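Read off the chains here:
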Amino acid sequence: MNEKQRLLGLLKGDKTDRSPVICPGGMMNAAVTELLEDIDSNHNTDLDAMVYTAIKIREVIGFENYGVPFCMTCESEPFGVVLSDGDKKCEPRIVEYNSSSLEEIMEKFDSNVLLGTRSQNVIQAIERLKNDEVPVIGNVTGPISTATSIVDPLKLFKMLRKEPDISYKFIEYINDYLISYAKKMVIAGADIIAISDPTATGEILGKKNFDKFAMPMYKVFLKAINNMNTPVIIHICGDVKNIIESLNLLDVQAISFDSIVNMRYAKSKIKTNLMGNVNTLLLQNGSTDKIVSITRNAMDSGVDIVSPACGLGMSTPIGNLRAMTDCVKGSING
Amino acid sequence: MEMINYYYKNINQGGSNMNEDKLFQQISEAVVEMEDELVEELCNKSLELSIPADKTINKGLIAGMDKVGRLYEEEEYFLPEVLTCSDTLNIGLDILKPHIETESTDSPIKVVIGVIEGDTHDIGKNLVKIMTESAGIEVHDLGRDVPLKNFVNTAEEIGANFICMSTLMTTTMMGMKTVIDMLKENNIRNKYKVMIGGGPISQRFADEIGADAYSADAYGAVEKIKLMMAS
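Worth saying up front: this structure is predicted, and the values here are computed from it rather than measured. (Residues numbered from 1 in each chain as written. Chains lettered and ligands numbered in written order. Predicted model: local features only at pLDDT ≥ 70, side-chain atom pairs only at ≥ 80, totals over all residues. Heavy atoms only, no water.)

Focus on the overall build of chain A
- Scanning chain A for helices and strands turns up 14 helices and 9 strands.
- Relative to the compact-globule value of 20 Å for 334 residues, chain A shows a C-alpha radius of gyration of 19 Å, a close match.
- Here the C-alpha coordinates of chain A stretch approximately 60 × 45 × 35 Å along the principal axes.
- Looking at chain A as a whole, 62% of its 334 residues qualify as buried.
- Taking contacts inside chain A between residues at least 6 apart in sequence as the whole, the part at least 24 apart equals 73%.
- A total of about 12700 Å² of accessible surface is found on chain A, and carbon and sulfur atoms cover 47% of it.
- Positive and negative side-chain charges in chain A, numbering 35 and 41 respectively, have mean positions lying 6 Å apart. (Helix = DSSP H or I, 4+ residues; strand = E, 2+ residues; numbered from the N terminus. Rg over C-alpha atoms; globule rule 2.2 N^0.38 Å. Buried < 20%, exposed > 50% of the residue type's maximum accessible area, 1.4 Å probe, protein only. Contact = heavy atoms within 4.5 Å. Areas by Shrake-Rupley, 256 points an atom, 1.4 Å probe, with all protein chains shown as cover. Lys, Arg positive; Asp, Glu negative; His and termini not counted. Charge placed at Lys NZ, Arg CZ, Asp CG, Glu CD.)

Structure representation (structure tokens):
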């Protein structure tokens, strides 16, 4: 059973010989500083460097997938924001939001045809990474997080209360754009789509807003991608106790949780595959012994796909990540 | 007579006979319910009734925001609600502040706040800022991605009581220790209380780097500031 058969089989609901260990990319990427040392160009913006980094993550760290990109800014790039490119120590980030009104943004940018230069690179990288052995994951930033990367989060949060209709319309407009982007990824050869929506946590939005503004978007997104016969993984940051029942209503092939979530509890509540949730702080600062024991604990708690719990700090040592992947692979023999 | 009084009171809801406490309560509720126009109307009414502006601020607006803080802690309200309430609060403050007549003799508590250099996640910091300001504390916001020496320099310049630092990223946590070390090197550590917070921060980390306090949330941060100033 190769890595692609194992992960895709598991997401389809088949029995597998063991849990896969992956790091999907996007917000949850393993392009850590130590790994990037020998790469001259910027892996966030240069196509060759992007492909090389994706392959190197698998070869050096042992994660069982290729995943691009390594940031959360590709999606918002074409919407009139100012980005920093990021480097070997710091991920790309939004430096300046678009200060226009939501209506103006929706009028000005046609979300159906829009792809930024970074997104175009991501599509091409997927085309080049496509293969029969290793699953390729296309990563998309979720609708709430993309919307709050384009406009100031505080502005949009307030609008959720004050102007719910226009806010909903804007998030829906972003969601449509993300769906068309994800479809292009699938056509390019992505085996799986992973969405991370770290701003849409139950802790930030509360259950009411989550159900009103995030859930409908995920449902439409999932349907569109599943219709292309492609599985989807959703990552939700933070504690999920107030939204876990909602999440269970999603037709999604795996849900990834943060380290604060007790996976035994999640297992009892969630019908789909669980992914996670090795603590990223531990992966950065902890001893390899402790990392191995926490990784084992995740597997014993019923995690189906082992992965970091959230976005990795860029100073995370390769050796620590390797301890985690080795541990999962070693479990073939018990 | 009873009936007449009853009737009189009712037709004068919000009128000149309405007692202050009732008005304060209405203002407080209007903040909690995010009713901008009502807050505007009631605050103007308080001025017409010659109620001292600082009293209306404290017993009406800030009392309301305090309730918002409790609802946030109880997970009834979340970030969108708290932010919207704080806008409503500010509408009231804008009306009343110019009418504060007597300079308060107590010097206000002063806080310097910011997100550590290298990190741009500032939602949590902004929430602490809003809640702290709502409690009548003077907040000097340095923003996000703040060079470490700016925390010390600003605190010295304005004579702050507190230095509050936030970060969501593990990579920038140690910047908090650097700030504390800078204070020590300059022999001014005891001039300030240092409070820290943010995703990866814990009480244990606060103890390790020698911070005075850690708070897991915005409401708790304000409570701790008040508590430390009282002691």
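So, next bit.
Some details on the sheet that holds strand β5 (residues 213–214) of chain B
Residue and element names in this part refer to chain B.
- Reading across the sheet, the 5 strands line up as β2-β1-β3-β4-β5 and stay open at both edges, with parallel pairing between neighbours. One side of each edge strand has no neighbouring strand; the edge strands of this open sheet are β2 (138–141) and β5.
- Of the strand pairs in this sheet, strand β1 (residues 110–115) and strand β3 (residues 162–166) are connected by 5 bridges, and their pairing is parallel. Of the residues in β3, the one forming a bridge with Val111 is Phe162.
- Along the sheet, helix α7 (residues 148–158) makes contact with β1, β2 and β3, crossing β1 at roughly 165°. (Pairing = 2+ DSSP bridges. Axes fitted to C-alpha atoms, helices over the stretch in contact; angles between N-to-C directions.)

Brief notes about the domain arrangement of chain B
Residues and elements named next belong to chain B.
- Domain parsing of chain B yields domain 1 (2–99) and domain 2 (110–230).
- For domain 1 and domain 2, the distance between their C-alpha centroids amounts to 31 Å.
- Across the contact, 12 residues belong to domain 1 and 11 residues belong to domain 2.
- Together, the buried faces of domain 1 and domain 2 total about 990 Å²; carbon and sulfur atoms form 74% of this surface. (Domains from an automatic or database assignment. Buried area = accessible area lost by both parts, 1.4 Å probe.)

Digging into the side chain of Asn175(A)
- As for its placement among the helices and strands, Asn175(A) is situated in helix α8 (residues 164–188).
- In this structure, Asn175(A) is in contact with Pro143(A), Met217(A), Val220(A) and Phe221(A), ignoring residues within four places of it in sequence.

Remarks on the interface of chain A and chain B
- Counting from both sides, the interface comprises 25 residues of chain A and, opposite them, 19 residues of chain B.
- Overall, the association of chain A and chain B removes approximately 1800 Å² of surface from exposure, summing both partners, and the carbon and sulfur fraction of that is 58%.
- Inspection of the region where chain A meets chain B yields 5 salt bridges.
- Seen at the junction of chain A and chain B, the total is 6 residue pairs in polar contact (both at pLDDT 80 or more).
- Of all elements in the fold, only β3 (93–96), α7 (153–162), α9 (202–226) and α12 (280–285) of chain A reach the threshold of two or more residues within the side of chain A that touches chain B. (Salt bridge = Lys/Arg side-chain N within 4 Å of Asp/Glu carboxyl O. Polar contact = N/O pair within 3.5 Å; in protein donor to acceptor, adjacent residues only side chain to side chain.)

Overview of helix α3 (residues 47–61) of chain A
All names here are of chain A.
- For α3, built from 15 residues, the straight-helix expectation of 21 Å at 1.5 Å per residue is met to within 8% by its first-to-last C-alpha distance of 21 Å.
- Every buried residue belonging to α3 is among Leu47, Ala49, Met50, Val51, Thr53, Ala54, Lys56, Ile57 and Ile61, and all of these are buried.
- Taken together, the buried residues of α3 touch α2 (33–36), β1 (66–68), α5 (117–129) and α14 (318–330).
- One side-chain oxygen at the N-terminal end of α3 lies 3.2 Å from the backbone nitrogen of Asp48; it belongs to Asp46.
- Backbone geometry just downstream of α3 places Gly62 in the positive-phi region, at approximately 100°. (Expected span 1.5 Å × (residues − 1).)

Side note on the sheet that holds strand β4 (residues 136–141) of chain A
Residue and element names in this part refer to chain A.
- Pairing within the open sheet is parallel, and its 7 strands lie in the order β1-β4-β5-β6-β7-β8-β9. For this open sheet the edge positions go to β1 and β9 (305–308), each flanked by a neighbour on one side alone. Shown here is a sheet whose adjacent strand axes are inclined to one another by a mean of 25°, direction ignored.
- With 4 bridges connecting them, strand β6 (residues 232–236) and strand β7 (residues 254–257) associate as parallel partners. Across the sheet, residue His235 finds its bridge partner in β7, namely Ser256.

Some remarks on the nonpolar core
- Counting residues in each nonpolar core, the largest one holds 169 residues, and the members touching the most others are Phe170(A), Ile193(A), Phe210(A), Leu247(A), Phe257(A) and Leu61(B).
- Counting residues per element, this core draws most heavily on α8(A), which supplies 13 residues.
- Both domains that meet at this core, namely domain 1 (2–99) and domain 2 (110–230) of chain B, each give it at least three residues.
- For Phe210(A), the contacting residues outside a window of four places in its chain are Ala200(A), Leu205(A), Met215(A), Tyr218(A), Ile236(A), Ile243(A), Ser246(A) and Leu247(A).
- Among the nonpolar cores identified, the runner-up in size contains 27 residues, and Ala160(B), Met165(B), Met173(B) and Ile209(B) belong to it. (Core = buried A, V, L, I, M, F, W, Y, C linked by side-chain atoms within 4.5 Å.)

Some remarks on the packing of aromatic side chains
Residue and element names in this part refer to chain A.
- Taken as a whole, this structure holds 6 aromatic pairs over all chains when the rule is applied.
- Judged by centre distance (4.9 Å) and plane angle (80°), the rings of Phe79 and Tyr177 are edge-to-face. Residue Phe79 is located in the loop between β1 and β2 (82–84), and its partner Tyr177 is located in helix α8; the two are separated by 98 residues in the primary sequence.
- An aromatic cluster is built from Phe79, Phe109, Phe170, Tyr173 and Tyr177, whose rings are joined through pairwise contacts. (Phe/Tyr/Trp six-rings, centres within 6.5 Å; stacked < 30°, edge-to-face > 60°.)

Re the environment of Pro52(B)
- Positionally, Pro52(B) belongs in the loop between α3 (36–48) and α4 (53–73).
- In the structure, Pro52(B) is positioned 65 residues away from Glu117(B) in sequence and 42 Å away in space, judged by C-alpha atoms.

Thoughts on the pattern of salt bridges
- A complete count under the given rule lists 29 salt bridges over all chains for this structure.
- The shortest N-O distance in the salt bridge between Arg161(A) and Glu81(B) comes to 3.2 Å. Taken as a pair, Arg161(A) in helix α7 and Glu81(B) in helix α5 (residues 79–96) lie in two separate chains rather than in one.
- Since its relative accessible area comes to 37%, Arg161(A) is described here as partly exposed.
- Glu81(B) gets classed as buried once you look at its relative accessible area, which sits at 5%.
- One salt-bridge network, in which partners are shared between bridges, spans Arg6(A), Asp17(A), Arg18(A) and Glu64(A).

Quick notes on unusual backbone geometry
- Put simply, Val68(A) and Pro69(A) share a cis peptide bond, and its omega is -10°.
- With phi around 60°, Ser50(B) is a residue other than glycine that occupies positive phi space.
- Examined against the element boundaries, Ser50(B) turns out to sit in the loop between α3 and α4.
- Its relative accessible area of 61% is what places Ser50(B) among the exposed residues.

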